[in-house]
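# Descriptive structure summary
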Amino acid sequence: MIKQRTISRAFSAAGIGLHSGARVEVAFSPAPPGTGIVYTRTDLSPRVVMRCHPDLVLDTHLCTALVNGDGIRISTVEHLTAALSALGIDNLLVDVSAPELPILDGSSMPFIYLFESVGLKELPAPKEFLKVLRKVRVEDGDKWAELNPRESGFGLDLTIDFNHPAIDRDLEHFEMDFSGEGFAKELSRARTFCFMRDVEYMHAHHLALGGSLDNAVVLDDNRVMNPDGLRYKDEFVKHKMLDCCGDLYMGTRSILGSFSAYKTGHSLNNRLLRALLSDSANYRVVTFDAGGDQGGPLAFIGHPAEAS
Ligand SMILES: [Zn+2]
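Owing to the predicted nature of the structure, the values given are computational and were not obtained by experimental measurement.

Rules used in this analysis
Residues numbered from 1 in each chain as written. Predicted model: local features only at pLDDT ≥ 70, side-chain atom pairs only at ≥ 80, totals over all residues. Heavy atoms only, no water. Domains from an automatic or database assignment. Contact = heavy atoms within 4.5 Å. Buried area = accessible area lost by both parts, 1.4 Å probe. Salt bridge = Lys/Arg side-chain N within 4 Å of Asp/Glu carboxyl O. Helix = DSSP H or I, 4+ residues; strand = E, 2+ residues; numbered from the N terminus. Nonpolar A, V, L, I, M, F, W, Y, C, P; charged D, E, K, R; others polar. Donors = N, O, S within 2.8 Å, 3.2 Å for Na, K, Ca; no water. Tetrahedral: all angles 85-135°; square planar, octahedral: opposite > 155°, others 65-115°. Buried < 20%, exposed > 50% of the residue type's maximum accessible area, 1.4 Å probe, protein only. Core = buried A, V, L, I, M, F, W, Y, C linked by side-chain atoms within 4.5 Å. pLDDT = per-residue confidence, 0-100. Pairing = 2+ DSSP bridges. Axes fitted to C-alpha atoms, helices over the stretch in contact; angles between N-to-C directions.

For the protein, the assigned domains are domain 1 (3–126) and domain 2 (130–286). Here the C-alpha centre of domain 2 lies 19 Å away from the C-alpha centre of domain 1. Between domain 1 and domain 2, the residue contacts involve 35 residues of the former and 33 residues of the latter. Both faces considered, domain 1 and domain 2 share a buried interface measuring about 2,500 Å² in area, 64% of it formed by carbon and sulfur atoms. The tally of links from domain 1 across to domain 2 stands at one salt bridge. In this structure, the salt-bridge partner of arginine 231 is aspartate 105, at a minimum N-O distance of 2.9 Å. Taken together, the elements giving at least two residues each to the side of domain 1 that touches domain 2 come down to β6 (57–59), α1 (78–87) and α2 (109–118). Among the elements that line the side of domain 1 that touches domain 2, the one with the most residues is α1, at eight residues. Of the residues that constitute the side of domain 1 that touches domain 2, the class distribution is 17 nonpolar, 13 polar and five charged.

Pasting the structure below:
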């Protein structure tokens, strides 16, 4: 059986908030089966609790936020969500001391490292997957994203098109069969990126005060400004694919199917997930109750402390 997962023990971390530039504390705790990913804003009185759900997702241009009916938000959740998808973590409590998670290094790698360090725990309930049954497609101008049925596993195929001297056209396409190990190796270190003209605009408007070369790849009109250059030669498309993994896991169910997209972003990915879920003929919730999980649909990384 492929089981639901949480972390083996509680721990906390801290970092700088992308919006405020101020220190943000975040505490992670294990949660029982069926909990999902539940955020609590501990800086508010009374505290506000939000369960991660595709309907709460708002693409704010700067980041992805969860926003509840009262307009309370938790921003910069996307790179954590991508890490959780890779680790197969279905249940987690996330207490945050600010309206945003720390940006850390702008990738998912620090989250992967932290969760692997504390260890994962399997829970006595089957993990739920969304099996795509028929094609679902969304478009926005020349941008598009779609999901198609696939024999097994989760395939990703993404093309970006930035027309920038520092972004090699031959490196604007990437495809992979999703696995926790593949994510950790190929995608997790890819950082978010932005253009210097946007940084100047944002800082002038007191936005992205925590943004720096420490947590983003910054491009001027011709080149990458970070002194150490890129982490992958195709870091741009890989970061966009990392974002796709996070965006498609906002419902905390792993997808079994084929994802392909052109110039997509958080907003279009969220529309795709909502479109998938809007008609029960598009998908089926499946579990793998019987047999071993060797050769199962996803080879997750991590070593659960609690054996079955
Ligand atoms: Zn991102």
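This brings us to the coordination of the zinc ion. The zinc ion binds to the protein through His79 (NE2), His239 (NE2), Asp243 (OD) and Asp243 (OD); the donor distances cover 2.1 to 2.7 Å. If you look at the zinc ion, its four donor atoms make angles of 52 to 153° with each other, and the shape they trace is irregular. Sequence positions of the donors to the zinc ion reduce to the motif H-x159-H-x3-D. One end of the pair, histidine 79, is in helix α1; the other, aspartate 243, is in helix α5 (residues 235–247), and 164 residues separate them in sequence. Exposure remark for histidine 79: the relative accessible area of 4% places this residue in the buried category. On the basis of relative accessible area, aspartate 243 is assigned to the buried category, the value being 6%.

With that settled, consider the nonpolar core. Grouped together as the largest cluster of nonpolar side chains are 70 residues, with contacts concentrated most on Phe28, Tyr39, Val94, Phe115 and Phe259. Residue assignment places this core across two domains, with domain 1 (3–126) and domain 2 (130–286) each supplying three or more.

Attention now moves to the confidence of the model for the protein. Of all residues in the protein, 94% have pLDDT values of 70 or greater, and the mean over the chain is 92. Note that residues 292–298 has pLDDT below 50 and, in this model, 14 contacts with residues that lie over four places away or in other chains. Overall, residues 301–308 carries pLDDT values under 50, and its contacts beyond four positions in sequence, including any with other chains, amount to 22 contacts.

Okay, the environment of isoleucine 255 next. Among the secondary structure elements, isoleucine 255 is positioned in strand β18 (residues 254–262). Take isoleucine 255: its relative accessible area is 2%, and that puts it in the buried class. Remark: the alpha-carbon pair of isoleucine 255 and tyrosine 283, spanning 28 residues in sequence, is separated by 9.5 Å. If we ignore the near neighbours within four places in the chain, the residues touching isoleucine 255 are Leu130, Val132, Leu147, Gly153, Phe154, Leu248, Leu273 and Leu276.

To summarise the sheet geometry, strands pair through backbone hydrogen bonds and adopt either a parallel or an antiparallel arrangement. Read across the sheet, five strands follow the order β2-β3-β9-β4-β5 without closing on themselves; strand pairing throughout is mixed. Edge strands, defined here as strands with exactly one partner in the open sheet, are β2 (11–16) and β5 (48–51). Across the sheet, the mean angle separating the axes of adjacent strands is 20° when strand polarity is ignored. In terms of strand pairing, β2 meets strand β3 (residues 23–29) through six bridges, oriented antiparallel. By the bridge assignment for β3, alanine 14 is matched with glutamate 25. Lying on the sheet, α1 is in contact with β3, β4 (37–41) and β9 (92–96); it crosses β4 at an angle near 150°.

Next up on the list: unusual backbone geometry. Here serine 45 and proline 46 are connected by a cis peptide whose omega angle stands at -5°. Note on placement: proline 46 falls in the loop between β4 and β5. Positive phi outside glycine occurs at threonine 76, with the angle close to 60°. Checked against the element boundaries, threonine 76 lands in the loop between β8 (73–75) and α1. On the basis of relative accessible area, threonine 76 is assigned to the buried category, the value being 5%. A positive phi is found at lysine 263, a non-glycine position, where the angle reads about 55°. Its relative accessible area of 23% is what places lysine 263 among the partly exposed residues.

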